[in-house]
Amino acid sequence: AQKDQIRQVLTSYLRKGLVQGTELLSAAGNRDFVLWGVEDMALYARAIEIYGESAGKRDKALSVLGRLENIFKTLKAELYSPELLSLENLRGEYFSEQISTTDYVAAMSALARQNGMDLDDLGWLQTLAHIQTLERAVDFKGASEEQVSALQAVSPAEREALLEAAAKREYSPFKMSAAAHHSEKGYYTLLKAALNEAGILKNYPALQRYFEYLAV
């Protein structure tokens, strides 16, 4: 069970590019083996050289990309209908996590109704509405407070591992919110596993509802 949890966490890190497949296999695989690296030092040195050259051009490249983005925005404003422009802006705000699922569902539902669309035909919107329902049921403040107690209830080794994982997170583990839903599941997977193993998860109902919300 512990290896399954490790595999789940490392898989999420693999998708973000934080670990490599070999690291995942070494930590969560079923075979006992040793990894040997075979490196062409000339190619390795050239790769470092190319990286140095590209790093020096980063600011210029970002400046060009910024200008292109402004051009695209201008063209979209001229070519897109107001409805399509509103739709794209909403999607951009949601996927960049500038707005919550609740706000996104409400805005998209209103936009669909304005354009005579049947919400029953929009399965993806119904899924998001389900997430919205779960989000409303979560007591984020209560879950944050219970989490502090839960960390003290697990073993010292598990606490150390959790705090190490928390240090790598973009969002503070002690300030839970809907914003962390998309990308910060690894830490909570470890915490839930530790509480389950200790048989005390039921003692933290608000935290448990937050875990259910993250599972969607």
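Residues numbered from 1 in each chain as written. Predicted model: local features only at pLDDT ≥ 70, side-chain atom pairs only at ≥ 80, totals over all residues. Heavy atoms only, no water.

Novice: Sorry, what's going on with the overall build of the chain here?
Specialist: Each helix and strand in the chain was counted, giving eleven helices and zero strands. Listing each helix as α and each strand as β along the chain from the N terminus yields α-α-α-α-α-α-α-α-α-α-α. A total of 216 residues make up the chain; the buried ones form 29% of that total. Working note: accessible area of the chain is about 14,500 Å², and carbon and sulfur atoms make up 56% of it. (Helix = DSSP H or I, 4+ residues; strand = E, 2+ residues; numbered from the N terminus. Buried < 20%, exposed > 50% of the residue type's maximum accessible area, 1.4 Å probe, protein only. Areas by Shrake-Rupley, 256 points an atom, 1.4 Å probe, with all protein chains shown as cover.)

Novice: Please clarify how the packing of aromatic side chains should be interpreted in this entry.
Specialist: Given two aromatic rings, one states the distance between the centres and the angle between the planes to describe the pair. Scanning the model with the defined rule gives six aromatic pairs in all. Taking the centre distance of 6.1 Å and the plane angle of 80 degrees together, the rings of F140 and Y213 count as edge-to-face. Of the two residues, F140 sits in helix α8 (residues 140-153) while Y213 sits in helix α11 (residues 205-214), which places them 73 residues apart along the sequence. The exposure class assigned to F140 is buried, which follows from its relative accessible area of 18%. Of the aromatic side chains, those joined through ring pairs into one cluster are F140, Y188, Y210 and Y213. (Phe/Tyr/Trp six-rings, centres within 6.5 Å; stacked < 30°, edge-to-face > 60°.)

Novice: What should I look at first to understand the confidence of the model for the chain in this one?
Specialist: Per-residue confidence for the chain gives a mean pLDDT of 79; residues scoring 70 or more make up 85%. Here helix α1 (residues 2-15) is the element of the chain with the lowest mean pLDDT, 71, and helix α4 (residues 58-79) is the one with the highest, 92. Across residues 170-176, confidence stays below pLDDT 50; counting only partners more than four residues off in sequence or on other chains, it has 23 contacts. (pLDDT = per-residue confidence, 0-100. Contact = heavy atoms within 4.5 Å.)

Novice: Before we go on, may I ask you to explain the pattern of salt bridges in this structure?
Specialist: Pairing is possible between side chains of opposite charge, provided their charged atoms come close. The tally for this structure, following the rule as stated, stands at four salt bridges. Linking E49 and R46 is a salt bridge whose minimum nitrogen-to-oxygen distance equals 3.0 Å. Of the two residues, E49 and R46 are both situated in helix α3 (residues 41-56); the distance of three residues between them amounts to about one turn of the helix. In this structure, the salt-bridge partner of K76 is E88, at a minimum N-O distance of 2.4 Å. Taken as a pair, K76 in helix α4 and E88 in helix α5 (residues 82-95) lie far apart in primary sequence, twelve residues in all. Residue classification places K76 among the partly exposed positions, given a relative accessible area of 27%. On the basis of relative accessibility, which here comes to 30%, the residue E88 falls in the partly exposed class. Salt bridges sharing partners connect three or more residues here, namely R46, E49 and E53. (Salt bridge = Lys/Arg side-chain N within 4 Å of Asp/Glu carboxyl O.)

Novice: Help me understand helix α6 (residues 101-114), please; the structure alone is not making it clear to me.
Specialist: Its 14 residues give α6 an end-to-end C-alpha distance of 20 Å, which sits within 8% of 20 Å, the value for a rise of 1.5 Å per residue. For α6, the complete set of buried residues consists of T101, T102, Y104, V105, M108, S109, L111 and A112. Contact partners of the buried residues in α6: α5 and α7 (123-137). (Expected span 1.5 Å × (residues − 1).)

Novice: Sorry, what's going on with the packing of helix α10 (residues 186-198) against α11 here?
Specialist: A packed helix pair is summarised by two numbers, namely the angle formed by the two axes and the spacing between the axes. Following both chains from N to C, one finds α10 and α11 inclined at 130 degrees, their axes separated by 11 Å at the closest point. For the element pair α10 / α11, the angle class is oblique. The two elements α10 and α11 cross, and the hand of that crossing is left-handed. Two secondary-structure elements touch here, α10 through Y188, L191, K192 and L195 and α11 through L207, Y210, F211 and L214. (Axes fitted to C-alpha atoms, helices over the stretch in contact; angles between N-to-C directions. Parallel < 35°, antiparallel > 145°, perpendicular 65-115°, else oblique. Left-handed = near helix turned anticlockwise from the far one by under 90°.)

Novice: How do you make sense of the side chain of S109 when you look at a structure like this?
Specialist: In this fold, S109 is placed in helix α6. For S109, a relative accessible area of 11% translates into the label buried. When neighbours within four sequence positions are excluded, S109 is seen to be in contact with L119 and L125.

Novice: Can you walk me through the nonpolar core in this structure?
Specialist: The tendency in soluble globular proteins is for nonpolar side chains to be buried side by side. Counting 40 residues, the largest nonpolar core has Y104, Y187, L191, L195, L207, Y210 and F211 as the members making the most contacts within it. Per element, the largest residue contribution to this core is six residues, and it comes from α11. (Core = buried A, V, L, I, M, F, W, Y, C linked by side-chain atoms within 4.5 Å.)

Novice: What am I meant to see in a nonpolar patch on the surface here?
Specialist: Taken together, L62, V64, L65, L68, I71, F72, L75 and L79 make up a surface patch of nonpolar side chains, about 750 Å² in accessible area. Residue position: L68 is located in helix α4. Overall, the relative accessible area of 37% leaves L68 in the partly exposed class. (Patch = residues over 30% accessible without salt bridge, like charges linked within 9 Å, V, L, I, M, F, W, Y side chains within 5 Å.)

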